[in-house]
Amino acid sequence: MAENQSAVRACPLCGARTGRRLAAYAPREWDVSACGACGFVYLANPPAEEALEAGEAAWEESSAVEQEKRVEQAPTLYRFDKATRLRTRLFRGDEMTKYRRWFGAGGNVLDVGCAEGSRLRAPFTPFGIEVSRALAAKADARMRALGGYCVQGTGAEAIQSFPENHFDGILFRSYLEHETEPRRALAGAARVVKRSGAVYVKVPNYGSLNRRVVGRHWCGFRHPDHVNYFAPETLRQMAAAEGFGMQILNPINLVIDDNIHALLRLS
């Protein structure tokens, strides 16, 4: 096991230890596995938490490296992948407009994996969680000026510090694919969101056509940043296990969309 890796983990969805390594998707030291019990796909040996806390721009840097690698190794597949992703973005509306529709005209909203904390603005009071110490400090300064604050830590751990029924909305926007304990993070969300509130989730869509066509060059594979690979059904199962019903927000283009957009509400 490499110095920056954690111990091999069980399936994040069902807890089984029957993972089968997917050699086509598991380069070098990173062990992408499919659970033999429930089929969930995940990274069995994710980075240690200490490595994540120290990095300020690890995701941005690894994203740029991955993009350059795909262009060099498979330029035709990369162009197909990118063109398909651009088509799915054409009719997406303004993010704040959607947040107001889902969460209401105001109130407390928690952004899990908030980076520097710039996603939320009035009429919401922004709160955040960010694993990077440097980014969490920037987010905390920004959010305190608007009446909220940011907690440094992983989503699964830091969400426990907020009071029950505190949030009108929660964002897991491009976060759950990074979280080694996604069920615990969702359980925390169920505790701190109001019964009238909602949780927005955006994760890479392992069930997408692009993943089947381009294989290991699919944009959703980013080693070792992405540690969970959700298909619509496995995301629904995980949400239901923590008390949420799930509405797919992009049902029409889901098959060609590299992301799942979903809204969770307590059942």
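It should be noted that the structure appears before, not after, this text.
Right, let's walk through the structure included here. None of these values were measured; they are calculated from a predicted model.

**Quick look at the side chain of Asn205**
- Along the polypeptide, Asn205 turns up in the loop between β8 (193–204) and α8 (209–214).
- A distance of 3.1 Å separates a polar side-chain atom of Asn205 from the backbone oxygen of Asp257.
- Those residues in contact with Asn205, other than ones at most four positions away along the chain, are Trp218, Phe230, Ala231, Pro232, Leu254, Asp257, Asp258, Asn259 and Ile260.

**Digging into the packing of aromatic side chains**
- Scanning all chains against the criterion turns up 20 aromatic pairs.
- When the ring of Tyr99 is compared with that of Phe103, the centres are 5.9 Å apart and the planes differ by 20°; the resulting orientation is stacked. Of the two residues, Tyr99 and Phe103 both sit in helix α4 (residues 95–103), 4 residues apart, roughly one turn of that helix. There is no split in this pair, since Tyr99 and Phe103 are both buried.
- One aromatic cluster in this structure is built from Tyr25, Tyr206, Trp218, Phe221 and Tyr229.
- Above the ring of Tyr206, the side-chain terminus of Arg211 is found at 3.9 Å from the ring centroid.

**Some remarks on the packing of helix α7 (residues 182–192) against helix α9 (residues 232–241)**
- The interhelical angle for the contact between α7 and α9, taken along N-to-C directions, is 50°, at an axis separation of 9 Å. One element, α7, and the other, α9, form an angle in the oblique class. Judged by the twist between their axes, the crossing of α7 over α9 is right-handed. Facing α7, whose interface residues are Pro182, Arg183 and Leu186, α9 presents Met238, Ala239 and Ala241.
- For the contact of α7 with α9, a count of residues per class yields 5 nonpolar, no polar and 1 charged.

**Quick notes on α9**
- Buried residues of α9: Thr234, Leu235, Met238 and Ala239, and no others. All buried residues of α9 lie within an arc of 135° about the axis, which places them on one face of the element.
- Where α9 is buried, its residues touch α7, β8, β10 (244–248) and β11 (259–266).
- Two residues or fewer past α9, Gly243 is found with a positive phi of approximately 95°.

**Quick notes on the sheet that holds β10**
- Reading across from one edge, β6-β5-β4-β7-β8-β11-β10 is the order of the 7 strands in this open sheet, with mixed pairing throughout. The open sheet has two free edges, formed respectively by β6 (150–152) and β10, since each of these has just one partner strand. Neighbour-to-neighbour, the strand axes of this sheet turn through a mean angle of 20°, independent of strand direction.
- Inspection of the sheet shows strand β4 (residues 107–112) paired to strand β5 (residues 124–130) by 6 bridges, in the parallel sense. Counterpart to Val112 in the pairing with β5 is Ile129.
- Along the sheet, α9 contacts β8, β10 and β11; its crossing angle with β10, the most-contacted strand, is approximately 155°.

**Looking at the sheet that holds strand β9 (residues 228–229)**
- On the basis of which strands lie adjacent, the open sheet formed by 4 strands has the order β1-β2-β3-β9 and antiparallel pairing. Here the strands that pair on one side only, and so sit at the sheet edges, are β1 (19–21) and β9.

**Overview of the pairing of strand β2 (residues 32–35)**
- Across the two faces of β2 the burial is the same, with Val32 and Ala34 and Ser33 and Cys35 all buried.
- Both β2 and strand β3 (residues 41–43) contribute to a ladder of 3 bridges, which runs antiparallel. Within β3, the residue paired with Val32 across the bridge is Leu43.

**So, the pattern of salt bridges**
- In the structure shown here, the tally under the stated rule is 9 salt bridges.
- The residue Glu95 makes a salt bridge to Arg173 at a minimum N-O spacing of 4.0 Å. Note that Glu95 is positioned in helix α4 and Arg173 in strand β7 (residues 167–173), a separation of 78 residues in sequence.
- Judged by relative accessible area, which is 23%, Glu95 ranks as partly exposed.
- On the basis of relative accessibility, which here comes to 22%, the residue Arg173 falls in the partly exposed class.
- Residues Lys194 and Asp168 are paired through a salt bridge, measuring 3.1 Å at the closest nitrogen-oxygen approach. Here Asp168 lies in strand β7 and Lys194 lies in strand β8, a separation of 26 residues in the sequence.

**Brief notes about α4**
- Along α4, the positions that sit buried rather than exposed are Met96, Lys98, Tyr99, Trp102 and Phe103. Seen along its axis, α4 keeps its buried residues to an arc of 155°; they face one direction.
- On its buried side, α4 packs onto β4, β5, β7, β8 and β11.
- N-cap assignment for α4: the residue whose side-chain oxygen lies 3.2 Å from the backbone N of Met96 is Asp94.
- Directly after α4, the chain includes Gly104, whose backbone phi takes a positive value near 105°.

Calculation criteria
- Residues numbered from 1 in each chain as written.
- Predicted model: local features only at pLDDT ≥ 70, side-chain atom pairs only at ≥ 80, totals over all residues.
- Heavy atoms only, no water.
- Helix = DSSP H or I, 4+ residues; strand = E, 2+ residues; numbered from the N terminus.
- Polar contact = N/O pair within 3.5 Å; in protein donor to acceptor, adjacent residues only side chain to side chain.
- Contact = heavy atoms within 4.5 Å.
- Phe/Tyr/Trp six-rings, centres within 6.5 Å; stacked < 30°, edge-to-face > 60°.
- Buried < 20%, exposed > 50% of the residue type's maximum accessible area, 1.4 Å probe, protein only.
- Lys NZ or Arg CZ within 6 Å of the ring centre and 35° of its normal.
- Axes fitted to C-alpha atoms, helices over the stretch in contact; angles between N-to-C directions.
- Parallel < 35°, antiparallel > 145°, perpendicular 65-115°, else oblique.
- Left-handed = near helix turned anticlockwise from the far one by under 90°.
- Nonpolar A, V, L, I, M, F, W, Y, C, P; charged D, E, K, R; others polar.
- Arc of directions from axis to C-beta.
- Pairing = 2+ DSSP bridges.
- Salt bridge = Lys/Arg side-chain N within 4 Å of Asp/Glu carboxyl O.

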